[in-house]
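Notes for the structure review
Here is how the chains run, residue by residue.
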Amino acid sequence: MSRYLYYLIIVTMVTNIIASVPRILMSESKNGVILSMIIAVIVGVFLTITVINLFRHFPSMTFPEILKKYTSKWFYYPVLFYFAISWYAAGLITLATYVMLFNTFLSYETSITVTTLAFILIISFGVLMKEKSVLYTMELVLVLFIPVIFFLLIKVYSDPKLDWDFVKVAITHINELPSYNAYSASTYIFIGAANIIIFNKYIKFTKRAGFKEIVILSLTGIFTLFTTYFIPIGFNGFEQIENFTFPWVTTSDAVRMKFGIIERVIFIFIIVFLGVAFISLLLNWHVSLKIFESIFLFKKLKWKERNLTSYLFVFLFGIIGIAVTKEISEYQLTKLSTFFYNLLPIFYIILIGSLLIAKRRLKS
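I will try to describe carefully the structure that is included in this document. If you're wondering where the values come from, they're calculated on a predicted model, not measured in any experiment. (Residues numbered from 1 in each chain as written. Predicted model: local features only at pLDDT ≥ 70, side-chain atom pairs only at ≥ 80, totals over all residues. Heavy atoms only, no water.)

1. Focus: the overall build of the protein chain
Helix and strand counts for the protein chain come out as 16 helices and two strands. Whereas a compact globule of 364 residues would reach a radius of gyration of roughly 21 Å, the protein chain reaches 21 Å, a difference of no more than 12%. When its C-alpha atoms are laid out on the principal axes, the protein chain stretches across 60 × 45 × 35 Å. Looking at the 364 residues of the protein chain, the share that counts as buried comes to 54%. Contacts in the protein chain between residues at least 24 apart in sequence constitute 84% of all its contacts with a sequence separation of at least 6. Roughly 16,800 Å² of accessible area belongs to the protein chain as shown, and the carbon and sulfur atoms make up 67% of that amount. (Helix = DSSP H or I, 4+ residues; strand = E, 2+ residues; numbered from the N terminus. Rg over C-alpha atoms; globule rule 2.2 N^0.38 Å. Buried < 20%, exposed > 50% of the residue type's maximum accessible area, 1.4 Å probe, protein only. Contact = heavy atoms within 4.5 Å. Areas by Shrake-Rupley, 256 points an atom, 1.4 Å probe, with all protein chains shown as cover.)

This is the structure:
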């Protein structure tokens, strides 16, 4: 499997360690969250492998190109519009979450509008880049930050304040029936591979994703979910964990580097995860932009022979992003995230169903 596919998956997993996913899991801590995560790993790996193997039949083709070639207009226009909105919403949730996190822990005197505008201005340059440049940027950021993230995780796991008795208490709830909210939030960490719908043209397949890929994805997913859910409980206790808005940020603030230049890990933790979150947001909005461009291309919207359609969409992305982050509260953001994650079955049914239809017409 191409390294870029692993990068796409890793970015989503890392971003959601401190985004809305842990908040939802903590709120369902007494409602079958453990079984929900186990089922999510099985289903998430299956869906990821299925999507990857289906795209293997359409080498060097994006999802819009596949639909336009093998399906009718009445079918592909609403499908593409749905996915464009979905990817934009995913990026919007990431934007709102990390703007709140930044203002709460790093710059509480700065207005949300100013912070959001700064985020959007930085992201906009990346969103407008070519697909290959986006992949190179993602690779560069991961190469720089993943070693730091591993160091921070080792530091957290080895910290004497981590009380494994709290973790054992949480594990005793394994016999409870699964929660759909927890299941859908856990499954969301595997959605990164779906970005292949635009980046498929730069991903080379040598063979089908098989047993090795299943093992790697399963172990990575188990480690990510275990870390996301159990480690904050180990530091903060089981009974009160559901009251934390950002459980992992609170956890990182309990860790100290005695002989480090920066003693409080929280500052390094937030900055590093912000860097990865920027890439996640860039990927989501870049995919959304490319899908919108495949539906709407305003040929008359030109300036000096340059078509401005993409600039128009990025401008609208920014305006909506500022308006939403300015008005939404933490409670509303959690509700919106939960609702969005709960729609994942529809997302995968439409994606896999569309690819199966295209595959059938490819053979005929």
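2. Focus: the packing of helix α6 (residues 112-127) against helix α14 (residues 309-327)
Relative orientation of the contacting elements α6 and α14 amounts to 155°, with a least axis distance of 10 Å. Overall, the two elements α6 and α14 adopt an arrangement that is roughly antiparallel. In this structure, the crossing between α6 and α14 has a hand that is right-handed. For the pair α6 and α14, contact is made by I112, T113, T116, L117, I120, S124 and V127 and by V314, G318, G321, I322, T325 and K326, respectively. Of the residues assigned to the contact of α6 with α14, the class counts are six nonpolar, six polar and one charged. (Axes fitted to C-alpha atoms, helices over the stretch in contact; angles between N-to-C directions. Parallel < 35°, antiparallel > 145°, perpendicular 65-115°, else oblique. Left-handed = near helix turned anticlockwise from the far one by under 90°. Nonpolar A, V, L, I, M, F, W, Y, C, P; charged D, E, K, R; others polar.)

3. A few points about unusual backbone geometry
Phi is positive for S60, close to 60°, though the residue is something other than glycine. Within the element layout of this structure, S60 appears in the loop between α3 (33-55) and α4 (63-70). Residue S60 is classed as partly exposed on the basis of its relative accessible area, which comes to 39%.

4. As for the side chain of T187
Within the secondary structure layout, T187 lies in helix α9 (residues 180-187). Within polar-contact distance, the side chain of T187 engages the backbone oxygen of Y183 at 2.8 Å. In this view, T187 contacts A40, G44 and L344; residues no more than four positions away in its chain are not counted. (Polar contact = N/O pair within 3.5 Å; in protein donor to acceptor, adjacent residues only side chain to side chain.)

5. Comments concerning the nonpolar core
One finds F63, M138, I197, Y229, W285, I291 and L351 to be the most contacted residues of the largest nonpolar core, which totals 126 residues. Among the elements that make up this core, the one with the highest residue count is helix α13 (residues 265-295) (19 residues). Those residues in contact with F63, other than ones at most four positions away along the chain, are F55, V79, L80, F83, I197, L351, S354 and L355. (Core = buried A, V, L, I, M, F, W, Y, C linked by side-chain atoms within 4.5 Å.)

6. With respect to the pattern of salt bridges
Any two side chains of opposite charge can pair if their charged atoms end up close together. Following the criterion strictly, the structure yields three salt bridges and no others. Here R3 ties to E139 by a salt bridge, and the two come within 2.8 Å at their closest N and O atoms. Taken together, the residues R3 in helix α1 (residues 3-15) and E139 in helix α7 (residues 131-157) connect sequence positions 136 residues apart. Classification of R3 as partly exposed rests on a relative accessible area of 42%. (Salt bridge = Lys/Arg side-chain N within 4 Å of Asp/Glu carboxyl O.)

7. Details of the packing of α9 against helix α15 (residues 330-342)
A pair of packed helices is captured by two measures, namely the crossing angle of their axes and the spacing between those axes. The N-to-C vectors of α9 and α15 enclose an angle of 80°; their axes lie 8 Å apart at closest approach. With respect to α15, the axis of α9 lies roughly perpendicular. Here α9 contributes Y180, N181, S184 and A185 to the contact with α15, which in turn contributes T338, Y341 and N342. Looking at the contact of α9 with α15, its residues break down into three nonpolar, four polar and no charged.

8. With respect to the packing of aromatic side chains
For the coordinates displayed, the defined rule picks out 31 aromatic pairs. A centroid spacing of 5.0 Å and a plane angle of 15° characterise the contact between Y88 and W285, whose relative ring orientation is stacked. Of this pair, Y88 sits in helix α5 (residues 73-105) while W285 is found in helix α13, placing the two residues 197 residues apart along the sequence. Residue Y88 shares its accessibility class with W285, and that shared class is buried. An aromatic cluster is built from F55, F63, Y82, F83, W87, F347 and Y348, whose rings are joined through pairwise contacts. Note that R3 overlies the ring of Y4, its terminal NZ or CZ placed 4.5 Å from the centroid. (Phe/Tyr/Trp six-rings, centres within 6.5 Å; stacked < 30°, edge-to-face > 60°. Lys NZ or Arg CZ within 6 Å of the ring centre and 35° of its normal.)

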